[in-house]
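Each chain is listed here by its residues.
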Amino acid sequence: MTSTEEVESISEKSERLLNISMGPQHPSTHGVFRMKAVLDGETVVKLTPVFGYLHRNHEKLAERTSYLGNMPYTDRLDYFCSLTNNWAYALSVERLAGIEVPERAEYLRVITAELTRLQNHLAFLGFLLNDMGVWATVLIYGFREREKILDLFESLTGARMMCNYMRFGGCRCDVPDGWVEEAKRITDELPGVLDELEQLLTDNEIVVARTQGVGTVPGRKAINAGLTGPVLRASGVNYDVRKVDSYGVYDRFDFSVPLGSVGDCYDRFMLRLLEMRQSLNILKAALNELPSGPIINPKAKNRNLRPPAGEAYGRIESPKGELGFYLVSDKSGTPYRYRVRPPSLVNLTLLEDMCVGQKVADVVVILGSIDIILGEVDR
Amino acid sequence: MWLVIIQLKIGIILTFFSLLFAVASLAERKILARIQNRRGPNRVGPCGLFQPIADGIKMLIKEDVVPRKADRALHFLAPIVMVAPMVLLFGILPYGGGLTLVDLEVGLLFFFAVSSVSELAVFMAGWSSANKYSVFGAMRAIAQMVSYEVPLVLVAITPVMVAGSLSLVHMVEDQAGYAIGVIPNWFVLTPWGIVGFLLLFVTSLAEANRTPFDLPEGESELVAGHLTEYSGFKYALFFMGEYFGIFAGSGLAVALFLGGGGAPLPLLQWIPPYLWFFVKLVVLVGIVIWVRASLPRMRIDQLMDLCWKGLVPLAFVNLIAAAIWHYSGGGWQGWILAGGLLVGAYLMLNRVVLRSRCSWERKYYLAKS
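If you're wondering where the values come from, they're calculated on a predicted model, not measured in any experiment.

**Notes on helix α2 (residues 51-61) of chain B**
Residue and element names in this part refer to chain B. Among all positions in α2, only Q51, P52 and M59 are buried. Along the axis of α2, the buried positions cluster into a sector of 95 degrees, meaning they face one direction only. Relative to its buried face, α2 has exposed residues pointing more than 90 degrees away, namely I53, L60 and I61. The elements touched by buried residues of α2 are α1 (2-35) and α10 (232-256).

Spelled out as structure tokens, the structure:
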């Protein structure tokens, strides 16, 4: 009676299609994302992503705020990876104002960014498996390790998630006593944890069946859609901003970029595991070679910064992809234009292509494998 | 006098299973927590032991929300239809030692007839909620439960064939005694029995909508499936029905394959059979909880593939293997013939089911620049 009323037919011949709205209040849309899906039985026929539920006027706000005042706002973009957000913003302001960064600060930036990548990917694995229906087991295993890294962030910056650590020309504060040793200890422990996760997950029949051949993106298409980060590299495209730009001091470290071949959910999931191993290599080297010296360029002006007129684009490889900040200065104390290139949003562009023809249960797995954070998608 | 004894038995059985429900709901959360490196509920009472009571009070005093467009009568009836037949199932389980309530000649038939009423309840819940996710979950539940009923019945036929009776009590009697004085004569210790037991366990998981077959609830896709619009005590009743289903399914497995109330060693025969029955049942329930903590959910097409391409043919082969075993006298010839048949069938089916799957082998490159 009531249910037949609700089954809206989108055309004469397709009366048996079912329109459902997944989100904004849905357990696995990673926040307030919404997908308008048209289903034929269990199969997805059409899928329209709707975002904007978390729109906070981030970019316009930034144009009324001083350059330094924007730094804590960037924490809230991708709230899992505040340190990489800080870095990307600091990098673009440094380019705009021509500020040099001392070596120790560059190393600290690399260390914190790679720690951020590790904790993001650990949480990603958990959330992906949660979307597949395993009852929070992997999530809590991931969070157990993530917690140690968050403790490191807390003792370094005073905050676990909203770190607000980078400054133009360096970092806000130096590492406390014993921090480097603690970080070394954690990086030495992590390979064992990764082995454990790999053993648990990569050969699990159900995980393999749920992810292989699901949401495949060919490399050419991924390039055309502007995908970046692990989602792009899973399709076999060798593009990592750390290698392409070698910003900071990344050219001093010996690490490789893992590449997938098929571009399905399994590849995206495996790439995160492999990337964590590379991050550990970088971390190990960076922690051993951490030079002494100032942590901030003494000539750099942070308060009342008035960069010369011009524009700058700074981009880094955030855990989710290429994160860029585009800034235009008109010599005043606030940016004339402030634009974020959010990897989460751009990576979502192919969502419909990935989902059409798959089952409705695959939609949440595909969404999970892209790894989005709504704070960054909607801004 | 007869009536008093019957009522006493009913009282014991109902009390036991209601208590087991409370304990299992706590144990599930505790075991899940231990597997996941957590502590689990530990606030109410010593070590959180009174958590089920707190949960019960919470469920009772919670607001009962019924959606405006819902079919109120069906929405109200569904939880009752879910629990009532499950309680009936406890009446025919062969606990042994004088606790068996009724020894139905058609016990197994009764079991399947009554347990499939829960499908009706799930569909009633989904339909009456007037929610797309609920209907979706209900459709999945019907498809899944009807499909898995087939291998379940086929597997349950094998002990019937060997024991020559549909009565569960008779079946348990058939498994009494010990070979060579130590090894119990349980059906699970035969080639067809072990396969049958595993099949029965897997299909009961699917019948009870448990992980990895919890698609009707599929919380990451369907919010909560047919339970989406239920709250308060109605929700608790569904929860109870699901647990009772697990208990009954485990009880059936114990009766059919694990020798009912039989002791695993002749030395331990002084322990009353109903205690053995409950111990075996609780162990099986523990395994169900363990599985829940460690496996992801399957997809609907994979679920159907597994049933129709894997479990149903294997159950048929198992039937034949049981016949071969029976007529070869159950010695080493039986092991070779029946075991060989089952292993061959398993390997072949594995290839058939595997063929539809993508390759396992993946290559990853590590680009240096």
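**Some thoughts on the side chain of A:S344**
Residue and element names in this part refer to chain A. Relative to the helices and strands, S344 is located in helix α13 (residues 343-347). For S344, a relative accessible area of 0% corresponds to the buried category. Contact partners of S344, with chain neighbours within four places excluded, come to K320, D371, I372, I373, E376 and V377.

**Some remarks on the domain arrangement of chain B**
As a measure of interface size, the accessible area lost when the parts come together is often cited. Residue and element names in this part refer to chain B. Domain parsing of chain B yields domain 1 (1-61) and domain 2 (67-300). A straight line from the C-alpha centre of domain 1 to that of domain 2 covers 18 Å. Across the contact, 19 residues belong to domain 1 and 24 residues belong to domain 2. Here R210 makes a salt bridge to E28, at a shortest N to O gap of 2.9 Å. Taken together, domain 1 and domain 2 are joined by four residue pairs in polar contact (both at pLDDT 80 or more). Looking at the side of domain 1 that touches domain 2, the elements that each hand over two or more residues are α1 and α2. Per-element accounting of the side of domain 1 that touches domain 2 gives the leading share, 17 residues, to α1. Residue classes in the side of domain 1 that touches domain 2 are distributed as 16 nonpolar, one polar and two charged.

**Let's talk about the nonpolar core**
Across soluble globular proteins, nonpolar side chains have a tendency to be buried as a group. A:F168 and A:L351 are the most contacted members of the largest nonpolar core, which totals 115 residues. Here this core takes 13 residues from helix α5 (residues 103-131) of chain A, the largest share from any one element. Counting 82 residues, the second largest nonpolar core, distinct from the first, contains B:L152, B:V172, B:F201 and B:I246.

**Overview of the pairing of strand β7 (residues 310-318) of chain A**
Looking along a regular strand, one sees side chains alternate from face to face of the sheet. Residues and elements named next belong to chain A. Of the strand pairs in this sheet, β7 and strand β8 (residues 321-329) are connected by nine bridges, and their pairing is antiparallel. Its bridge partner lying in β8, R315 is registered against G324. Counting the residues in the hairpin turn of β7 and β8 gives two residues.

**A short note on the interface of chain A and chain B**
Residue-level contacts link 64 residues of chain A with 43 residues of chain B. Buried area between chain A and chain B, both sides added, is near 4,600 Å², and the carbon and sulfur share of it is 55%. Here chain A is connected to chain B by two salt bridges. Put simply, B:R299 and A:D362 hold a salt bridge, and the shortest N to O gap is 3.0 Å. Elements represented by at least two residues in the side of chain A that touches chain B include exactly α1 (2-6), β1 (18-22), α5, α6 (137-157), α8 (205-211), β6 (257-259), α12 (265-289) and α15 (360-370) of chain A. Considered class by class, the residues forming the side of chain A that touches chain B number 30 nonpolar, 19 polar and 15 charged. Here β6(A) pairs with strand β3 (residues 365-367) of chain B via three bridges, running antiparallel. Within β3(B), the residue paired with A:L259 across the bridge is B:Y365.

**Topic: the state of the cysteines**
Residue and element names in this part refer to chain A. All told, the structure shown has zero disulfides over all chains when counted by the stated rule. Free cysteine C171: the closest other cysteine sulfur is in C173, separated by 8.1 Å. Take C171: its relative accessible area is 1%, and that puts it in the buried class. No disulfide involves C355; its nearest neighbouring cysteine sulfur is the one of C265, lying 8.5 Å away.

**Quick notes on the confidence of the model for chain A**
All names here are of chain A. Residues at a pLDDT of 70 or more form 96% of chain A, whose mean pLDDT is 86. No element of chain A has a lower mean pLDDT than α1, which averages 43, and none a higher one than β8, which averages 91. In the predicted structure, residues 1-13 sits below a pLDDT of 50 and forms 21 contacts with residues beyond four places in sequence or in another chain.

**Some points on unusual backbone geometry**
Backbone geometry places A:D371, a non-glycine residue, at a positive phi of 65 degrees. Here A:D371 is to be found in the loop between α15 and α16 (374-378). Exposure remark for A:D371: the relative accessible area of 8% places this residue in the buried category. At B:N37, a position not held by glycine, the phi torsion is positive, near 65 degrees. Secondary-structure assignment places B:N37 in the loop between α1 and α2.

**Regarding the sheet that holds β8(A)**
Each strand in a sheet pairs with its neighbour through backbone hydrogen bonds, running either in the same direction (parallel) or in the opposite one (antiparallel). Residues and elements named next belong to chain A. One open sheet accounts for three strands, arranged β7-β8-β9; its pairing is antiparallel. With partners counted over all chains shown, the strands left at the sheet margins are β7 and β9 (337-341), one partner each. Strand after strand, the sheet turns through a mean of 10 degrees between neighbouring axes, direction not considered. Relative to β9, β8 runs antiparallel, the two sharing five bridges. Residue pairing across strands places F325 opposite V340, the latter belonging to β9. Sheet contacts for helix α4 (residues 82-97): β7, β8 and β9; angle to β7, the most-contacted strand, approximately 150 degrees.

So, how was this worked out
- Positions within a chain are numbered from 1, following the residues in the order the chain's sequence is written.
- Ligands are numbered from 1 and chains lettered from A, in the order in which they are written.
- Totals for whole chains, interfaces and linings use every residue, but because this is a predicted model, local features are given only for residues with pLDDT of at least 70 and side-chain atom pairs only at 80 or more, for both listing and counting.
- Remark: hydrogens and water are excluded; side-chain values derive from all non-hydrogen atoms of the structure.
- Buried, partly exposed and exposed residues are distinguished by accessible area as a fraction of the type maximum, computed with a 1.4 Å probe on protein chains only: under 20%, between the cut-offs, and over 50%, respectively.
- Secondary structure elements are defined from DSSP: runs of H or I of at least 4 residues count as helices, runs of E of at least 2 residues count as strands, and each element is numbered from the N terminus.
- The directions considered for the arc are those from the helix axis to the C-beta atoms.
- The contact criterion used is simple: two residues touch if any of their non-hydrogen atoms lie within 4.5 Å.
- Domain limits in this description derive from either an automatic procedure or a database domain assignment.
- We count a salt bridge whenever a side-chain nitrogen from Lys or Arg sits within 4 Å of a carboxyl oxygen from Asp or Glu.
- A 3.5 Å cut-off defines polar contacts: any pair of N or O atoms within that distance qualifies, except that in protein one atom must be a possible hydrogen donor and the other a possible acceptor, and neighbouring residues in sequence count only when both atoms are side-chain atoms.
- Residue type decides the class: Asp, Glu, Lys and Arg count as charged, Ala, Val, Leu, Ile, Met, Phe, Trp, Tyr, Cys and Pro as nonpolar, and the leftover types, Gly among them, as polar.
- In these notes, a set of buried Ala, Val, Leu, Ile, Met, Phe, Trp, Tyr and Cys residues joined through side-chain atoms within 4.5 Å is what counts as a nonpolar core.
- The criterion for strand pairing is that DSSP finds at least two bridges linking the strands in question.
- Two parts placed together each lose some accessible area; with a 1.4 Å probe, that loss summed over both constitutes the buried area.
- Cysteine sulfur atoms are paired as a disulfide whenever they fall within 2.5 Å.
- For every residue, the predictor states its confidence as a pLDDT score lying anywhere from 0 to 100.
- Only the stretch in contact is used when a helix axis is fitted, and all axes are lines through C-alpha atoms; the angle between N-to-C directions ranges over 0 to 180 degrees.

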